Amino acid sequence: RKGRIHMNTILISMVLLGVLGIAIGLLLGVAGKFFAVEVDERVEQVRECLPGNNCGGCGYAGCDALAEAIVAGKAEVNGCPVGGAAVAEKIGAILGVEAGEAVKMVAKVRCAGTCEQASVKYNYVGAQDCRQAVMVPGRGDKACSYGCLGLGSCVAACQFGALSIKDGIASVDPEKCVACGKCVETCPNGVISLQPYDTKYQVNCNSKDKGKDVMSVCKAGCIGCGLCVRQCEFGAVTLENNLATIDPLKCQGCGKCAEKCPKKVIA
């Protein structure tokens, strides 16, 4: 009799557990429908168009975040610098909007301080990382503290093999560059910037020192003479903090600034 009672107890417990499980399942199902967040199917469609590099060049955490922002109207249809115009057109077709003009951008290095041109003040033997080198006294071995350190942090940051170190300074292959901006973020001296692919001229110097000090450390530095500014008819060249800069949106590519530059740092 005791065995039968024990068995009945077990059976009752199992039934109760089964009923409880079914009840919890039903409650979860109802709650799932009640609290469900509707997902716009266009987000997934846009996401499939994006290249999937998750490089962050668009300003968002990754391709998923960009897809959501585009569908929500918080980001432009041509917001992916890697995909370019082709991807923008596909996304525009999905959303039924114009893709807009996607200007191809590339990274450019504003430094001409090669091993031959730039002076060296000591022999650096530390970690081959620009961000660590600038932490030591003198900010690396080059006498100019504004230029490219040439240790390759930007090369390591590039996922597309667009950067290399040539003759002591970073060099960008414009055909491989997708303008993700990783190299720009990585460079501790701010030598690299994103500019339109068809930019004709730029000042290949980043020094803010006065002309005499620039010449003492680099043969290819901007001396801030202002000849390029006076030569430009379009207001594209300006001089600030002893350094000339060219606005690529105003530059007409006439080349007069480059002709007049005594240090030949405009190219």
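For the structure itself, look to the data block above.
Quick caveat: nothing in here was measured; it's all calculated off a predicted structure.

(A) Molecular detail of helix 2 (residues 41–49). All buried positions along helix 2 are accounted for by Val43, Val46, Arg47 and Cys49. For helix 2, the angular spread of the buried residues around the axis is 155 degrees, confining them to a single face. Within helix 2, the exposed residues directed more than 90 degrees away from the buried face are Glu41 and Glu48. Turning to helix 2, the residues buried within the fold contact helix 3 (63–71) and helix 4 (84–95).

(B) Structural view of the pattern of salt bridges. Scanning the model with the defined rule gives 4 salt bridges in all. The shortest N-O distance in the salt bridge between Arg42 and Asp40 comes to 2.8 Å. The closest approach of N and O atoms between Arg47 and Asp64, which form a salt bridge, is 2.6 Å. Residue Arg47 is found in helix 2, and its partner Asp64 is found in helix 3; the two are separated by 17 residues along the sequence.

(C) Spatial organisation of the packing of helix 2 against helix 4. Between helix 2 and helix 4, whose axes approach to 9 Å, the crossing angle comes to 165 degrees. Relative to helix 4, the element helix 2 is oriented roughly antiparallel. The two elements helix 2 and helix 4 cross, and the hand of that crossing is right-handed. Contacts from Arg42, Gln45, Val46 and Cys49 in helix 2 reach Val87, Lys90, Ile91, Ile94 and Leu95 in helix 4. Taken together, the residues of the contact of helix 2 with helix 4 sort by class into 6 nonpolar, 1 polar and 2 charged.

(D) Region of interest: the environment of Cys144. Along the polypeptide, Cys144 turns up in the loop between helix 5 (130–133) and helix 6 (153–157). Overall, the relative accessible area of 18% leaves Cys144 in the buried class. For Cys144 and Val120, which are 24 residues apart along the polypeptide, the C-alpha to C-alpha distance reads 8.3 Å. For Cys144, the residues in contact, after removing those within four places along its chain, are Ser207 and Val217.

(E) Examining the environment of Lys210 more closely. Looking at the secondary structure, you find Lys210 in the loop between strand 4 (192–196) and helix 8 (211–217). With a relative accessible area of 58%, Lys210 lands in the exposed category. Along the primary structure Lys210 and Gln117 are separated by 93 residues, whereas in three dimensions their C-alpha atoms are 17 Å apart.

Scoring rules and cut-offs
Residues numbered from 1 in each chain as written. Predicted model: local features only at pLDDT ≥ 70, side-chain atom pairs only at ≥ 80, totals over all residues. Heavy atoms only, no water. Buried < 20%, exposed > 50% of the residue type's maximum accessible area, 1.4 Å probe, protein only. Helix = DSSP H or I, 4+ residues; strand = E, 2+ residues; numbered from the N terminus. Arc of directions from axis to C-beta. Contact = heavy atoms within 4.5 Å. Salt bridge = Lys/Arg side-chain N within 4 Å of Asp/Glu carboxyl O. Axes fitted to C-alpha atoms, helices over the stretch in contact; angles between N-to-C directions. Parallel < 35°, antiparallel > 145°, perpendicular 65-115°, else oblique. Left-handed = near helix turned anticlockwise from the far one by under 90°. Nonpolar A, V, L, I, M, F, W, Y, C, P; charged D, E, K, R; others polar.

Any link to function would need more than the numbers given here.
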